[in-house]
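What follows is each chain in one-letter form.
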Amino acid sequence: MRNRYGFVIFLLLILLFPIILFCEESVVLKVFSLPDPKATDAFSRADMEVIKAFQEKYPWIELRSFSGIKIENMELDAGPLMAIAGGVSPDIIYVNFRQSDTYIQNDFLYPLDEFMIQEDEQLLDYRVEKPVWQVIKRKKQDEKEEKVWCLPYETLVRVMMYRKDLFHRVGLDPNSPPENWDELLEFSRQLTMPSEGRYGLFLASGPEMAYDWITYLWSAGGDAVLQNPGTEEWYASFNSDAGVDAMEFYLKMITTPWIDAAGNKQEGFVIREGDWGRLWDEGKIGMRMMYMDQRNLGGQTDPNLYGVAPPPKGPGGLRGSELNCRMMGIFSGAGESNNAGIGDRNPEKVRDAAWKYIWFYDSEEARQIRMRVMIEAGYGRMQNPVYLKRYGYEEYLKYSPPGWIETFEEALANGKPEPFGHNCQKIYYYMSYPIDTIIQLEREGKLGDTPEQKRSEIRRILDQGAERTNEKMIGKIPEDVRRKRNSIAFLVAIFIFLAFIVSLVRVWQIFTPENRSFTRTGLRKKSYFWAWMMLIPALGSILLWKYLPMIMGSAMAFQDYRIVGDSSFIGFQNFADVLFDPVWWSSLGRTLYYMILSLGLGFCPPIILAILLQEVSRGKILYRIIYYLPAVISGVIVIYLWKLLYDPSDAGGFNQILMMLGLEKSRWIQDEKLAMLCTILPSVWAGVGPGCLIYLAALKGIPEENYEAADIDGASFLHKIRYIVIPNLKALIIIQFIAAFIAASQQSGFILVMTFGGPNEATRVADLLIFEKAYLYLKFGVATTMAWMLGMMMMGFTVLQLKRLSKMEFRTASAAEEK
């Protein structure tokens with residue numbers, strides 16, 4: 001009997017051992033992105049099958065998807081950096097070429113060498129193309145040994161895709177895409193018909209328009225950044241002869257004037273704004289550059305409708321294809337913090353689980369799973385023929401669209417990696433600044449009268465752009481210049497500190513009663529005691545959530561602050577960088593301009609509207625609802641509604657009105673002179689209604705006897721406003737003005753979504769620049785310094801207004817009547 005019980009116990013231990021082992025080794029792994037299980041498209045289903053296979057193979061690893069703040073058109077750049085800065089980074093982070101050096105130098109990535117030595121070299125060759133090794137394996141600054149920092153899971157090349165149906169419609173051969181720049185220009189001219197909403201080519205606009213221009217720079221034989229072989233320092237190189245050649249052709253595509261069949265003036269043969277994605281799907285755009293995936297080539301694209309070709313050749317016969325990869329890396333702090341409520345984790349186990357996921361996600365097993373799902377979904381002919389043959393699907397080779405794999409292989413063989421040098425996550429932004437300037441000058445006829453003058457002016461502007469890129473993006477400043485700037489910054493910082501102390505003392509003096517005795521009229525009064533009891537919670541909350549973080553964060557102004565690793569003390573270098581940064585002073589000027597427009601257009605209308613609504617005899621509630629309705633609409637909806645109205649193409653709402661009136665269409669938010677005004681109008685439109693309610697409530701407090709006395713004296717409507725309304729609302733107007741003034745200096749939300757500081761930095765206000773420095777450049781010391789300087793400027797104005805406010809006497813309506 002005892003043997004029988006012992007056997008049963010032994011059998012139970014064997015059965016429970018895997019469960020005990022699973023509980024002990026269970027690892028929660030946060031991934032930057034996981035496929036949506038609800039998605040029904042073939043790509044998502046293929047990825048889901050890979051995830052299921054991974055979980056079956058490693059059941060003790062629990063995958064959790066990361067979700068964070070995203071910025072339109074900046075998801076891949078801003079999202080990961082903001083997550084890292086906020087201390088909520090996933091364990092596996094997304095890495096692209098442009099971000100890679102920033103991640104490496106800031107200790108965001110954990111080296112993968114210890115894991116990669118365990119893998120088969122042939123499998124590594126299958127996964128990593130030769131040109132990609134220079135990106136993923138390199139030295140960290142001040143280190144001699146090269147390390148592998150990330151691993152690609154998808155190889156991409158940029159090729160030209162075109163609509164065969166549009167080619168056929170205008171008489172072009174659908175099987176003969178443009179071979180060189182001259183043919184590209186001619187094809188675009190034939191395809192463009194604005195009256196039908198049809199355009200030859202799509203080129204990007206906005207603060208990162210260089211994303212498309214770099215293709216022509218490469219085709220001309222140039223490059224965006226290069227590395228000095230001797231010093232290993234990076235420098236901007238787009239200001240070359242090749243850069244000038246690329247810019248001249250770019251201007252032809254964008255600014256060539258012509259008259260359409262309806263007699264309307266047109267410019268260029270490209271579309272750069274508007275809902276170009278929808279227009280492409282509807283067959284309104286003839287050509288565009290797009291990524292081609294190594295696994296799926298054209299994805300779900302119909303080869304009967306779309307054709308692909310390498311980028312057209314430049315003057316020297318080169319093709320500017322871009323080589324890129326989507327990559328994964330292990331966050332250096334993976335498993336070391338209590339992240340999003342996961343709890344304590346073993347960093348070593350988390351890193352091991354992260355590697356298993358990274359390796360499996362694009363392994364041969366995963367590729368076969370994706371291939372099977374895509375073939376079952378009917379996309380067999382769009383799969384890479386190399387993979388079809390490798391994984392036993394030779395019968396689909398005859399269905400592969402002719403020329404597609406050849407286009408991919410040519411782009412892969414001759415393509416250049418996307419810029420991956422120091423701080424290159426913002427390379428397109430810095431390249432776009434001179435491009436935008438050149439386009440604007442050409443439109444205004446100020447670029448030059450002769451070809452030689454134009455080339456010279458283009459070269460000068462590109463030189464300025466390269467110099468700015470070297471200083472601001474790469475950080476190349478001579479040591480003697482640095483010392484001089486630091487000395488001046490020290491004196492300015494002392495002045496700012498003294499000004500801050502004086503402002504605090506002045507505010508204290510303004511609101512301190514003249515009789516400071518604590519015997520009879522001081523805090524011993526019961527009324528004062530209860531007043532302090534009511535104020536203490538609010539005061540404590542402000543001190544805890546406003547002033548304490550401000551004081552603690554001020555130390556960053558004197559540091560080269562690093563999110564991961566130790567931050568070094570650099571004295572007044574951040575102050576020097578800000579003081580001698582023309583972009584900062586320009587942003588302050590734009591902030592002032594924005595504040596003037598915002599206050600001028602948005603402060604008085606609520607007061608006027610409140611007075612008019614007060615005078616309406618019938619339908620008061622209806623009018624108030626109508627004017628308040630915009631405030632009920634979501635801010636996101638308001639922004640996108642106005643973006644549709646501002647569409648610079650013929651489809652834009654405002655442009656359609658102009659064309660109906662026989663006027664020339666406008667570029668609206670793409671026009672430097674109108675962009676700031678365009679970003680303010682939506683907030684004014686949405687804020688008039690809520691603002692007027694405050695004044696309406698105040699108007700109700702004015703005694704009716706005042707108006708009756710004015711009527712007896714024969715006062716007009718304007719006299720009542722001047723002598724009754726304004727004096728009674730004076731205190732409220734001043735309080736509202738102070739709040740509106742400060743808010744106007746900090747309202748960058750509409751600008752962030754509508755223009756992101758463009759065009760050509762025309763809407764790049766100080767608040768937006770501070771955000772960029774902190775969360776896109778990770779220069780928290782510089783951002784803190786800027787915030788302090790902006791705050792000091794606002795404080796000076798506030799002190800003056802508070803002084804006026806302290807001299808006013810406040811009474812209730814009943815007290816005013818008694819008096």
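Residues numbered from 1 in each chain as written. Predicted model: local features only at pLDDT ≥ 70, side-chain atom pairs only at ≥ 80, totals over all residues. Heavy atoms only, no water.

### Here's the deal with the overall build of the protein
Step number 1: The number of helices and strands found in the protein is 33 helices and 19 strands.
Step number 2: When contacts within the protein are restricted to residue pairs at least 6 apart in sequence, long-range pairs at least 24 apart make up 73% of them. (Helix = DSSP H or I, 4+ residues; strand = E, 2+ residues; numbered from the N terminus. Contact = heavy atoms within 4.5 Å.)

### Looking at a nonpolar patch on the surface
Step number 1: Among the surface-exposed residues, F529, W530, W532, M533, L535, I536, L539, I542, L543, Y547, M550 and I551 lie close enough to one another that they form a single nonpolar patch of about 1,200 Å² accessible area.
Step number 2: Along the chain, the position of Y547 falls in helix 20 (residues 526–553).
Step number 3: By relative accessible area, which is 41% here, Y547 ends up partly exposed. (Patch = residues over 30% accessible without salt bridge, like charges linked within 9 Å, V, L, I, M, F, W, Y side chains within 5 Å. Areas by Shrake-Rupley, 256 points an atom, 1.4 Å probe, with all protein chains shown as cover. Salt bridge = Lys/Arg side-chain N within 4 Å of Asp/Glu carboxyl O. Buried < 20%, exposed > 50% of the residue type's maximum accessible area, 1.4 Å probe, protein only.)

### Section: the environment of L81
Step number 1: With respect to the helices and strands, the residue L81 is situated in helix 3 (residues 75–85).
Step number 2: L81 sits 18 residues away from Q99 along the chain, and the two C-alpha atoms are 9.3 Å apart.
Step number 3: Not counting the four nearest positions on each side in its chain, L81 is found in contact with Y103, F108, Y775, L776 and L778.

### Digging into the pairing of strand 1 (residues 27–31)
Step number 1: The buried fraction of strand 1 amounts to five of the five residues, a majority that puts the element mostly inside the structure.
Step number 2: In strand 1, alternate side chains face the same way, and those of V27, L29 and V31 on one face and V28 and K30 on the other are all buried.
Step number 3: Pairing of strand 1 with strand 2 (residues 61–65) involves five bridges; the strand directions are parallel. Residue pairing for strand 2: V27 is matched across the bridge by I61.
Step number 4: Between the parallel elements strand 1 and strand 2, the chain passes through helix 2 (residues 42–57) in a crossover that is right-handed. (Pairing = 2+ DSSP bridges. Right-handed = clockwise from strand over helix to strand, strands pointing away.)

### Some details on the confidence of the model for the protein
Step number 1: Residues of the protein with pLDDT of at least 70 account for 89%, and the chain-wide mean is 83.
Step number 2: Segment residues 16–24 is flagged for pLDDT under 50; beyond a separation of four residues in sequence, or across chains, it makes three contacts in the model. (pLDDT = per-residue confidence, 0-100.)

### A short note on the pattern of salt bridges
Opposite charge on two side chains permits them to pair, given that their charged atoms come into close proximity.
Step number 1: If you walk through the whole model with that rule in mind, you get 43 salt bridges.
Step number 2: K139 is the partner of E232 in a salt bridge, and the nearest nitrogen-oxygen pair spans 3.1 Å. In this pair, E232 sits in the loop between strand 9 (225–227) and strand 10 (234–236) while K139 sits in strand 5 (residues 137–139), placing the two residues 93 residues apart along the sequence.
Step number 3: Judged by its relative accessible area of 42%, E232 is partly exposed.
Step number 4: Close ionic contact of E664 with K265 constitutes a salt bridge, the shortest N to O distance being 3.9 Å. Placement of the pair is E664 in the loop between helix 26 (653–660) and helix 27 (672–699) and K265 in strand 12 (residues 265–267), with a sequence separation of 399 residues.
Step number 5: A residue is classified by how much of its surface remains accessible, and E664, at 61% relative accessible area, is exposed.
Step number 6: We classify K265 as exposed; its relative accessible area is 63%.
Step number 7: Residues joined by salt bridges that share partners form a network here, namely R127, D362, E364, R367 and R390.

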